[in-house]
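A structural walkthrough
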Amino acid sequence: MVSAPLVGVLALQGDVREHRAVLEQQGARTVAVRRPEELAGVDGLVLPGGESTTIAKLADRWGLLGPLRAAVRGGLPAYGSCAGMILLANRLLDAPADQQTIGGLDVVVRRNAFGRQVDSFESEVEVAGLPGGPVHAVFIRAPWVEETGPGVQVLGRVSGGPADGRIVAVRQGDVVATSFHPELTGDTRMHRFFVDLLR
């Protein structure tokens, strides 16, 4: 049992500081991951929200894409929020033809499924396994999961509105992803869930 797991936060672009702060509040130690050698020794990996094509291009340019794929494929626990969900998906819809992913989740994810920045919204989402009622979820140009493979557990769906029933939280083994940004709301339960997974 690891009492204070070391969580690497992919720090190429996005909500890096916010994720690190919430993870540290949950008793984890954190390290910014910008180079392959910074993956060594981490107990888990967080892929933050941001712009998925930019993050993937920077990861490729800096020689991180292969090591990230190998780490997740090799069993490194990972949590992705928003763009992180896109990066963890095995397959994408509405993505540039050359967009690469890290993979690890047997899902099909639709990029920008909820629309443009002006279509961003907030909602309450029940997340399986999280006590304390629904999560206040912030969706910013968010993806959703179109299809799940047999090993994927659906943790949460949108309830109500035009996106009613859309999948916005999933888990496959030790890989977890949400369409929404828990690091922006003050609700620490998704991060606590991930840190507890590492312990």
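The shown structure was predicted, so the numbers you read here are calculated from the model rather than taken from an experiment. (Residues numbered from 1 in each chain as written. Predicted model: local features only at pLDDT ≥ 70, side-chain atom pairs only at ≥ 80, totals over all residues. Heavy atoms only, no water.)

1. Concerning the pattern of salt bridges
- All told, the structure shown has nine salt bridges when counted by the stated rule.
- The salt bridge involving Glu146 is made with Arg166; its shortest N-O contact spans 3.9 Å. Of this pair, Glu146 sits in strand β9 (residues 144-148) while Arg166 is found in the loop between β10 (153-157) and β11 (167-172), placing the two residues 20 residues apart along the sequence.
- Taking relative accessible area as the criterion, Glu146 reaches 26% and is therefore assigned partly exposed.
- On the accessibility criterion, Arg166 (30% relative accessible area) is partly exposed. (Salt bridge = Lys/Arg side-chain N within 4 Å of Asp/Glu carboxyl O. Helix = DSSP H or I, 4+ residues; strand = E, 2+ residues; numbered from the N terminus. Buried < 20%, exposed > 50% of the residue type's maximum accessible area, 1.4 Å probe, protein only.)

2. Observations concerning helix α5 (residues 189-198)
- In terms of burial, α5 is largely enclosed, as seven of its 10 residues are buried.
- Of all the positions in α5, only Arg189, Met190, His191, Phe193, Phe194, Val195 and Leu198 are classed as buried.

3. Digging into the UniProt feature "binding site: L-glutamine" (unreviewed entry) in the chain
- With numbering aligned to this structure, UniProt lists the feature "binding site: L-glutamine" (unreviewed entry) at Gly50, Glu51, Ser52, Arg111, Ile140 and Arg141. Look at the named residues: they lie 92 residues apart in sequence, but the longest C-alpha span between them is just 12.5 Å, so in the fold they bunch up.
- If you trace the backbone, Glu51 turns up in the loop between β3 (44-47) and α2 (52-61).
- The buried category is assigned to Glu51, whose relative accessible area is 18%.
- Beyond its immediate stretch of four places on either side in the chain, Glu51 contacts Gln13, Ala83, Arg111 and Arg141.
- By the element assignment, Arg141 lies in the loop between β8 (135-139) and β9.
- Accessibility expressed as a relative area gives 32% for Arg141, which makes it partly exposed. (UniProt positions renumbered as here; feature names shortened; annotations may be inferred. Contact = heavy atoms within 4.5 Å.)

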